[in-house]
Amino acid sequence: MKLRYAALVIGIAALAGCGGSGGDAAAADPGPEGDPIKVGVLHSLSGTMAISETTLKDTVLMMVEEQNAKGGLLGRPLEAVVVDPASDWPLFAERARELLESEQVDVVFGCWTSVSRKSVLPVFEENNGLLFYPVQYEGEESSRNVIYTGAAPNQQAIPAIDYLMNEVGIERWVLEGTDYVYPRTTNRILEAYLRQKGVAEADISINYTPFGHSDWQTRVAAIRRFGSAGKPTAVVSTINGDANVPFYLELANQEVSADDIPVVAFSVGEEELSGLDTAPLVGHLAAWNYFQSVDSPVNTEFIDEWKAFVGDPDRTTNDPMEAHYIGFNLWAQAVEKAGTTDVDAVIEALPGTETPNLTGGVAQVLPNHHITKPVYIGEVQANGQFDVVWQTDGTVPGDAWSDYLPGSEDTEADWVTLNCGNYNTETQVCSGQNYE
């Protein structure tokens, strides 16, 4: 039995605001006509990542509904096709193939973990599909068929280290992650960066646990011991999914406060905090490119629309939601610009395309298929929101390849002039996917 949801067609259900109540059916605006533009949604709705990804599915459905209320795209309605890869990484590839080959969707918004993105990447390149990926990741990649609307390491992880080192005075570092590609690669970058900053090897502790890890007693005790050496210590967390809940609970159980050993997380936002008693976590940190608490007119409007769409005044917004908001609007603009949903034409139209983000700035698609983003450090509040304690001055362009890893510092991604995602500037050779 296929783990998929029936195609969801969202049309204009209400009158087009003309006249009073009780208009007859003939007077109703039928909405856009023609063959639907299919929007694939590839997010886990069950399993360990459902805690984070279900909200992203709902975000895309909201964007589809709102676009249809504006008349669709190119005079055609949008139809969302939702599948559930169930936090099963090989199943992501199967569901991606189903969307591209069987459903023949025009675009896909999806994935959370890097292992799921790596799983589907060959499918998108083989079928010339287009994926908008909305979550912070480890970099070291640029595909012609992917637009990376989440943060690269230089838009989240590196600024977080700089903040802790320069503003908080941290000298010892625990790099704690879930055991898969994103934490491991990010921590390789961070370890290299810390060593370049003069941090001794003995002052860096690196550890990984499986997805869904729940018994944190021993590990938190080890973190406490590591932090008792007389130097200010912090945890840089790339723990992902529902393992975050018992991790923070165990910190509280062992009375590890933010004053003792602050934690800065890259995968914990408002959605994850909504399932916790946040009182013991006050003062711990997260690094993102968006927080619900950021005060801007466009963010206020988005929050109101979101709560109305889900019918729940307590539902929060978060950073990956904003990434889908940005990605969807960038895609819609590119479709209008190209005058077609043809993937090649849309990909060509995307670089240089701009759209407002939710914090008052502008997101632009770069030639490397990453975007510009501001960076925020937020402090957990008792109400489950974040108080912004630091932010960049303006937006930061996303780097596809790290400046701190051997081999990567000489690598460039450029799908406009070089038509290559892995171009060595020393040898002038494209060793990755290219497109002529």
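Novice: Give a description of helix α4 (residues 157-168) that names residues and reports values.
Specialist: Spanning twelve residues, α4 covers 16 Å between terminal C-alpha atoms, matching the ideal 16 Å at 1.5 Å per step. Listing the buried residues of α4 in full gives Ala157, Ile158, Pro159, Ala160, Ile161, Tyr163, Leu164 and Met165. Gly169 sits one or two residues past α4 and shows a positive phi near 85°.

Novice: Describe the pairing of strand β11 (residues 285-288), with residues and values.
Specialist: Along β11, one buried face is formed by Leu285 and Ala287 and the opposite face, lined by Ala286 and Trp288, is buried too. As defined by bridge partners, strand β10 (residues 263-265) adjoins β11 across two bridges and the pair is classed as parallel. The residue of β11 that forms the bridge with Val264 is Leu285. Where β11 and strand β15 (residues 376-380) come together, four bridges link them in antiparallel fashion. Within β15, the residue paired with Trp288 across the bridge is Tyr376.

Novice: How would you summarise the packing of helix α1 (residues 50-69) against helix α10 (residues 319-338) if you had to cite specific residues and measurements?
Specialist: Orientation of α1 relative to α10, taken along the N-to-C sense of each, is 35°, at an axis distance of 9 Å. Between α1 and α10 the crossing geometry is right-handed. Residue-level contacts link Thr55, Leu56, Thr59, Val60, Met63, Val64 and Gln67 of α1 to Pro320, Met321, His324, Tyr325, Phe328, Asn329 and Ala332 of α10. Residues of the contact of α1 with α10, tallied by class, amount to nine nonpolar, five polar and no charged.

What counts as what
Residues numbered from 1 in each chain as written. Predicted model: local features only at pLDDT ≥ 70, side-chain atom pairs only at ≥ 80, totals over all residues. Heavy atoms only, no water. Helix = DSSP H or I, 4+ residues; strand = E, 2+ residues; numbered from the N terminus. Expected span 1.5 Å × (residues − 1). Buried < 20%, exposed > 50% of the residue type's maximum accessible area, 1.4 Å probe, protein only. Pairing = 2+ DSSP bridges. Axes fitted to C-alpha atoms, helices over the stretch in contact; angles between N-to-C directions. Left-handed = near helix turned anticlockwise from the far one by under 90°. Contact = heavy atoms within 4.5 Å. Nonpolar A, V, L, I, M, F, W, Y, C, P; charged D, E, K, R; others polar.

Keep in mind these numbers describe shape, not what the thing actually does.
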